[in-house]
Amino acid sequence: MLLAEVEYARPSSVDEALRLLSAHEGARALAGGQTLTNVMKARAASPEVLIDLADLDELRRITRRGDGGLDVGAMATYSDLIASVEVASARPILAVVAAQIADVQVRNRGTLGGNLCLSDPTNHFPPLMAAAGATMTIAGAGGERVVTADEFFLGVYMTAVAPDELLTKVTIPSAEGTANGFAAVTIGRDGTCIANAAATVSDGRARVALGCVAAVPVVVGAVAEEGAVVDAVRGAALEPPDDVHASAAYRCHLAEVLAVRAVRQAFEGRS
Ligand SMILES: Cc1cc2nc3c(=O)[nH]c(=O)nc-3n(C[C@H](O)[C@H](O)[C@H](O)COP(=O)(O)OP(=O)(O)OC[C@H]3O[C@@H](n4cnc5c(N)ncnc54)[C@H](O)[C@@H]3O)c2cc1C
């Protein structure tokens with residue numbers, strides 16, 4: 001199906017993008033377009049104006065912070081994360097997970113910011129950011145604010161980013177003294193996740209974020225040992241969706257198995 005008629009703007013600065021978003025009630029930011037253009041084609045969304053962020057180089061930078069963390073611009077693509085020397089040295093799990101998403105076309109266009117702003121419970125990055133303790137910088141007419149992953153993800157397709165705001169940057173704290181893992185069961189080899197888990201382990205404790213089992217990532221903490229991790233997942237009393245891909249009971253089972261796998265992967269030091 002062809003797209004419905006839509007106005008198009010390509011601002012050259014974040015300020016201009018914010019002005020355009022404020023000026024048009026039906027305006028929507030366009031990042032990689034890997035989801036937005038598909039839902040527009042399906043008529044599930046019909047923005048009046050697309051504000052294309054493609055020229056905002058300032059949103060595509062990946063920089064190492066003085067404290068050892070990473071600042072990743074919202075428009076950094078999955079391929080940028082995979083190719084980044086800063087990511088490879090500061091938090092390689094970002095590249096490992098980016099490389100698991102879909103195919104090369106999606107990875108060349110899809111952006112970290114788009115992935116998070118979509119807040120699709122089956123996406124790879126929301127649990128990874130929640131486990132890593134990332135913070136998101138949101139810019140609006142009134143200036144910038146920084147929110148935690150807990151405050152950012154509000155529900156299915158709902159985040160703390162208002163219609164006239166932009167996610168500009170994701171800050172991932174230093175990985176010094178931590179180990180990281182990610183495990184998923186997907187629909188087919190490179191498909192959407194049925195369940196996933198991201199783990200950050202430090203000082204013998206694991207922070208595990210579970211994806212696909214609720215509207216937003218579910219974060220649990222435990223001693224980084226198999227029995228304790230399973231108990232922590234059980235303690236979260238998950239009530240995941242029951243759909244054509246997996247029953248709720250099977251997703252609960254996967255959440256336990258994948259949480260343990262993610263912690264084990266962290267110990268094996270693969271990322
Ligand atoms: C075939 C296929 C398979 C896929 N498989 C997976 C998968 O397995 N795992 C996975 O995680 N993802 C998957 N995706 C989704 C893909 O990762 C999308 O790229 C991503 O979810 C959205 O990113 P985008 O940059 O394309 O954003 P867009 O589609 O351009 O935008 C998505 C939404 O976010 C908003 N937005 C984007 N950037 C900003 C910003 N900076 N500030 C405010 N709002 C913003 C847009 O207005 C829109 O509402 C798949 C996509 C396709 C087409």
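In this text, all values refer to a predicted model and were calculated from it rather than measured experimentally.

Rules and cut-offs
Residues numbered from 1 in each chain as written. Predicted model: local features only at pLDDT ≥ 70, side-chain atom pairs only at ≥ 80, totals over all residues. Heavy atoms only, no water. Helix = DSSP H or I, 4+ residues; strand = E, 2+ residues; numbered from the N terminus. Rg over C-alpha atoms; globule rule 2.2 N^0.38 Å. Buried < 20%, exposed > 50% of the residue type's maximum accessible area, 1.4 Å probe, protein only. Contact = heavy atoms within 4.5 Å. Areas by Shrake-Rupley, 256 points an atom, 1.4 Å probe, with all protein chains shown as cover. Lys, Arg positive; Asp, Glu negative; His and termini not counted. Charge placed at Lys NZ, Arg CZ, Asp CG, Glu CD. Axes fitted to C-alpha atoms, helices over the stretch in contact; angles between N-to-C directions. Parallel < 35°, antiparallel > 145°, perpendicular 65-115°, else oblique. Left-handed = near helix turned anticlockwise from the far one by under 90°. Nonpolar A, V, L, I, M, F, W, Y, C, P; charged D, E, K, R; others polar. Near = heavy atom within 4 Å. Polar contact = N/O pair within 3.5 Å; in protein donor to acceptor, adjacent residues only side chain to side chain. Pairing = 2+ DSSP bridges. Right-handed = clockwise from strand over helix to strand, strands pointing away. Salt bridge = Lys/Arg side-chain N within 4 Å of Asp/Glu carboxyl O.

Enquirer: I keep staring at the overall build of the chain and nothing clicks. Help me out?
Expert: Helix and strand counts for the chain stand at 11 helices and 14 strands. For 271 residues, the compact-globule estimate of 2.2 N^0.38 gives 18 Å, and the C-alpha radius of gyration of the chain, at 18 Å, lies within 12% of that figure. The principal-axis extents of the C-alpha atoms in the chain amount to approximately 55 × 45 × 35 Å. Residues classed as buried in the chain amount to 49% of the 271 residues present. Put simply, of all contacts in the chain between residues at least 6 apart along the chain, 58% involve residues at least 24 apart. Element-wise, carbon and sulfur atoms account for 50% of the exposed surface of the chain, whose accessible area totals about 12500 Å². When the 22 basic and 32 acidic side-chain charges of the chain are each reduced to a single mean position, those positions are 5 Å apart.

Enquirer: Would you mind showing me how to read the packing of helix 10 (residues 226–235) against helix 11 (residues 248–268) here?
Expert: Two numbers describe a pair of packed helices, the interaxial angle and the distance between the axes. Here helix 10 crosses helix 11 at 140°, and the two axes come no closer than 9 Å. Relative to helix 11, the element helix 10 is oriented oblique. Once helix 10 is placed against helix 11, the crossing between them reads as right-handed. In this structure, helix 10 uses Glu 226, Val 229, Val 230, Val 233 and Arg 234 to contact helix 11, whose residues at the interface are Ala 255, Glu 256, Ala 259, Val 260, Val 263 and Arg 264. Split into classes, the residues belonging to the contact of helix 10 with helix 11 amount to 7 nonpolar, no polar and 4 charged.

Enquirer: I'm lost on the site of the ligand in this one. Help?
Expert: Close to the ligand lie 29 residues; Ala 29, Gly 33, Leu 36, Tyr 78 and Thr 111 are nearest. Leu 36 places a main-chain nitrogen or oxygen 2.7 Å from an oxygen atom of the ligand. Starting from 970 Å² of accessible surface for the ligand in isolation, the protein chains cover 87%. Among the elements that take part in the shell around the ligand, helix 7 (residues 112–118) stands out by supplying 4 residues, more than any other. Counted by class, the shell around the ligand contains 15 nonpolar, 13 polar and 1 charged residues.

Enquirer: Honestly, the pairing of strand 2 (residues 27–30) in this entry has me stumped. Any pointers?
Expert: The two faces of the sheet receive side chains in turn, since in a regular strand these alternate between them. In this structure, strand 2 lies alongside strand 3 (residues 49–52), joined through 4 bridges in parallel fashion. Counted as the bridge partner of Ala 29 is Ile 51 from strand 3. Once you follow strand 2 into helix 2 (residues 36–41) and on to strand 3, the crossover reads as right-handed.

Enquirer: How should I be thinking about the side chain of Asp 120 in this particular structure?
Expert: Structurally, the position occupied by Asp 120 is in the loop between helix 7 and helix 8 (125–132). The buried charged residue Asp 120 lacks any salt bridge, with Arg 251 as its nearest oppositely charged partner at 9.6 Å. Of note is the side chain of Asp 120, whose polar atom sits 2.8 Å from the backbone nitrogen of Thr 122. Filtering out sequence-adjacent residues up to four positions away, Asp 120 remains in contact with Pro 126 and Tyr 157.

Enquirer: Sorry if this is basic, but what is going on with the pattern of salt bridges here?
Expert: Two side chains carrying opposite charge are able to pair once their charged atoms lie near each other. Applying the stated criterion across every chain yields a total of 10 salt bridges. With a shortest N-O distance of 3.2 Å, Asp 71 and Arg 65 are connected by a salt bridge. What makes Asp 71 buried here is its relative accessible area of 13%. With relative accessibility at 30%, the residue Arg 65 sits in the partly exposed group. A salt bridge links Arg 189 to Asp 190, with the shortest nitrogen-to-oxygen separation between them at 3.0 Å. By relative accessible area, Asp 190 is classed as partly exposed at 35%.

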